[in-house]
Each structure stands twice: as structure tokens, then as C-alpha cells.
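Structural description and commentary
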Amino acid sequence: MASLRCIRELSRRATTVLSISQTRLISSIRGLELSGKSITQAEAPVQNRPLTRDFLWYSRSQGRQFASKSNGTDESSEGEDEEEMEVEREYSPAEIGYKVMGPLKSSERLFKPYEPVFAVVQIGSHQFKVSNGDSIFTEKLKFCDINDKLTLTKVLLLGSASQTIIGRPILPDATVHAVVEEHALDEKVLIFKKKRRKNYRRTTGHRQELTKLRITDIQGIEKPEPEIVLKPSKSADTQQPEAELVG
Amino acid sequence: MALRGAWQFQKLVVSYCNWGGSSRGIRAFMESELPALIEKNPQLEVATELSRGQHPYLKGIYRNRNERVVCVKNMDPEQVLLNATRLRNSLGRKVVKLRTRHVTKHPSVQGTWTTAVKF
């Protein structure tokens, strides 16, 4: 709505400006803005008071349109540059979240039984103490799909029952392997704002996008060998109750 | 939506109306984006249902026999694709507030600390 009002005002004032300065015809808003610039540069010394007010308002309104990035049909060409600049910010696919994507999971058995080894791993700005078989909920990770294998490269600490390896700040040789289980939305939280006696009340809903990772393997530390528990055979089982009864 | 490697999302039911205007988006989705979705997810069964006079919806059936229904009336095909992808990406669990971000069965490796532990 504000943009429509701006456009109407602009066209009105532009016609007045045109009638005085006799520049070329204005067809689109882009053209308006260009000619507006040329007018300010060329006609600056010759302005009357109402004209200067118009120009100031004009340039300010142009600035406002730039910043607001509203439903731009004609402004979209200028708005796009700003948006592109924002998106290009440093979003290299995996390094920002300290994860590297491995290939998609094929029919391999990745899910091993529990090993008593833990690691402190950082994803984005959150750190977790993970072990084999744990699940972690992180902020939504782009560039990875369900059932993708990830390697979490930023490992700060490794520990087992006998050893602890502390990184300064990270351990370069340690890796933690994980698999993406789901990308889902959290439950809706209602954000309610109120200022009493001021007739101000706002309600917003928000659902955070999360990714669930399942940790499969921790590498970089010696793992204790699993104890092999000998299961008693069936013949021994049938004999034992008899022995107990007798004893 | 794969729990330990097993896909949880089993079936997607696309219900639409061939007359109503609220189904326009989903009809366009079925022509343009649904074949690509089927190709990318070979493990998924997709069924289309015609229900005349009703608003369109997407129904997702999961392995825990949970059904999630999303109404897609008056949506663009891109929004319908987003909703379908969200259904496909989630496990069938109930949407509840997270208690902790770290779910584990073995919280301690070196022994839980108490005040009696001496290093």
C-alpha cells in the first residue's frame, strides 16, 4: 500500500518536475529514478524552493523504496542486487556448519552397538557431547538430504574410559560420523506481546526447522575391546535348575 | 525420515478435485512436480485420489501407522511441493516440544560425577 502511494506521489511530482526541466519521457520507475538522478545533478543550482523540497522528498523516498524491498515489480531489478549480495555471504556448503557431506547411504550396516567413547563436537554455534548411537537435534542443515552420511569435522574433545584427548581448540585428526534422520519442524510456539493500558497486543506463531542426526561412529581415539560374554549352552541350562533344587 | 536407515514415510495420498478452484495448485503440482518427486523417492508409494467437491489435501502415512494430513487448498504448486517434501522429510512421530536436543541412552562414559569423585 505504501509503495502504491509512493508511486502515485512520485508520478505526480515527477510530472511537475518534467514540466519545469523538460527531460525525456518517463515510462517506468527505473526510468524515474535515473532521470531523478540526472535532474539533481544537472539542475541543482537552478532549483526553486518547492522544487528542492520535491527533490529531497524524491531522493528520500527512493532511498526508502530501496531499503524496504517491498512487492517490487519494477523495483525488483534494484532489489535483486541487494538480495544477491546478502545471500552470497559466506555460505560455503559445509564449512560454516563444520560438517562435510559424505556420499549417500547405500546398503551398508552403519549402526553399530554402543561403544563407551564420547566426543564433544560443534555444529554451527552449538556444542554437543555425543557417543555412538545418540540422536542430536540441530538447526536445519542445508545441502544435506535424508539418509545422507555426514562427517562432523569440528571435534573439541575425545574421551574414553581410560583416555581423554583435549583439542586446542579442535582435534584435526578426529572425525565423528553421523547420518541425517529427519528434517522436521518443531512444535509451534506462540509469541505474545502486550503492553498494558496502551492498546497493544500481538500474537505470532513460530516453528523452528530442525535436523535430527544419528551419531554412528567416533574416530580418533582407541576404543576398548568389547568383552565377549559366553552364553551358557542349553544343556547346561536344563541341568542347572536340577542342581539348584538338589542344593 | 529414516530411522536407523529404514524409511518411515510409506505412502503419500494426493487427494484433489478436478472441478474446484482450490485444487488448481495441486492439479498443476500433479502435472509438473509430482513425477519428479516419485522418481526421487522410489521407496515411496504415491496414490492420487479424486474427491469431487472437496478441498484438496496431502495425506502422509508412516510406518508407525500415523497419518499426517495437510490441507493444500488455494496453494501454489511450489507450496504444495514444499508441503509434500516436509511430509517426506519427517518421521511419523507426534509433534511435541523438544525436551532436550541430545537424546542418549548412555549419558556417561567415564562415570557420572558426584561430589565424592576425586581426580
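Preceding block: the structure.
As the structure is a prediction and not an experimental result, all values here were calculated from the model. (Residues numbered from 1 in each chain as written. Chains lettered and ligands numbered in written order. Predicted model: local features only at pLDDT ≥ 70, side-chain atom pairs only at ≥ 80, totals over all residues. Heavy atoms only, no water.)

Bringing the interface of chain A and chain B into the picture now. Interface size, as often reported, equals the accessible area lost upon joining of the parts. If you look at the interface, chain A gives 38 residues, while chain B gives 27 residues. With both sides pooled, the region where chain A packs onto chain B buries about 2,700 Å², and carbon together with sulfur makes up 50% of that total. Put simply, chain A and chain B have 4 salt bridges between them. Between Arg86 of chain B and Glu209 of chain A there is a salt bridge; the shortest N-O distance is 3.9 Å. Viewed at the interface, chain B and chain A are joined by 16 residue pairs in polar contact (both at pLDDT 80 or more). For the side of chain A that touches chain B, the secondary-structure elements that each account for two or more residues are β2 (117-123), β3 (126-131), β4 (135-139), β6 (155-160), β8 (175-185) and β11 (209-219) of chain A. Pairing analysis gives 2 bridges linking β4 of chain A to strand β7 (residues 102-103) of chain B, with the strands arranged antiparallel. By the bridge assignment, Ser135 of chain A is partnered in β7 of chain B with Val103 of chain B. (Contact = heavy atoms within 4.5 Å. Buried area = accessible area lost by both parts, 1.4 Å probe. Salt bridge = Lys/Arg side-chain N within 4 Å of Asp/Glu carboxyl O. Polar contact = N/O pair within 3.5 Å; in protein donor to acceptor, adjacent residues only side chain to side chain. Helix = DSSP H or I, 4+ residues; strand = E, 2+ residues; numbered from the N terminus. Pairing = 2+ DSSP bridges.)

Remark on secondary structure: sheet strands pair via backbone hydrogen bonds, oriented parallel or antiparallel. Residues and elements named next belong to chain A. Across the sheet, which stays open at both edges, the 4 strands sit in the order β3-β2-β6-β7 with antiparallel pairing between neighbours. For this open sheet the edge positions go to β3 and β7 (164-166), each flanked by a neighbour on one side alone. Strand-to-strand twist across the sheet, computed as the mean angle between neighbouring axes with direction ignored, equals 15°. Direction of pairing for β2 relative to β6: antiparallel, over a ladder of 5 bridges. What sits directly across from Phe118, in β6, is Gly159. (Axes fitted to C-alpha atoms, helices over the stretch in contact; angles between N-to-C directions.)

On to the sheet that holds strand β3 (residues 9-16) of chain B. Residue and element names in this part refer to chain B. Strand order across the open sheet formed by 4 strands is β4-β3-β5-β6, with mixed pairing between neighbours. This sheet does not close on itself; its edge strands, each paired only once, are β4 (45-50) and β6 (67-71). Strand-to-strand twist of the sheet, defined as the mean angle between neighbouring strand axes without regard to direction, takes the value 15°. In the sheet, strand β5 (residues 57-62) pairs with β6 via 5 bridges, with the strands oriented antiparallel. Counted as the bridge partner of Gly60 is Arg68 from β6. Along the sheet, helix α1 (residues 24-32) contacts β3, β4 and β5; its crossing angle with β3, the most-contacted strand, is approximately 125°. Against the sheet, helix α3 (residues 77-89) engages β3, β5 and β6, with an angle of about 10° to β5.

Val130, Val155, Leu158 and Val176 of chain A are the most contacted members of the largest nonpolar core, which has 22 residues in total. Among the elements of the structure, β2, β3, β5 (148-152), β6, β8 and β11 of chain A are those that each provide at least two residues to this core. Residue contributions to this core peak at 4 residues, all from β2 of chain A. When sequence neighbours within four positions are dropped, the list of residues in contact with Val130 of chain A reads Val117, Phe118, Ala119, Val121, Ile136, Val176, Ile215 and Ile218 of chain A together with His102 of chain B. Counting 19 residues, the second largest nonpolar core, distinct from the first, contains Val14, Leu37, Val72 and Val80 of chain B. (Core = buried A, V, L, I, M, F, W, Y, C linked by side-chain atoms within 4.5 Å. Buried < 20%, exposed > 50% of the residue type's maximum accessible area, 1.4 Å probe, protein only.)

Below, the discussion takes up the layout of surface pockets. Regions of empty space are outlined by a rolling probe, equal in size to a water molecule, passed over the atoms. Here the largest pocket is characterised by a volume of approximately 750 Å³. If you go around the largest pocket, you meet 36 residues; those closest to its centre are His183 of chain A together with Leu82, Thr85, Arg86 and Asn89 of chain B. If you list the elements that add at least two residues to the lining of the largest pocket, you get β8 and β11 of chain A together with α2 (34-40), β6 and α3 of chain B. Among the elements that line the lining of the largest pocket, the one with the most residues is α3 of chain B, at 8 residues. (1 Å grid on protein atoms, 1.4 Å probe; cavity = no way out; pocket = protein on both sides within 12 Å on 5 of 7 lines; lining within 4 Å. Points joined across faces, edges and corners; volume = space filled by probe spheres on them.)

So yeah, pure geometry; function would need other evidence.
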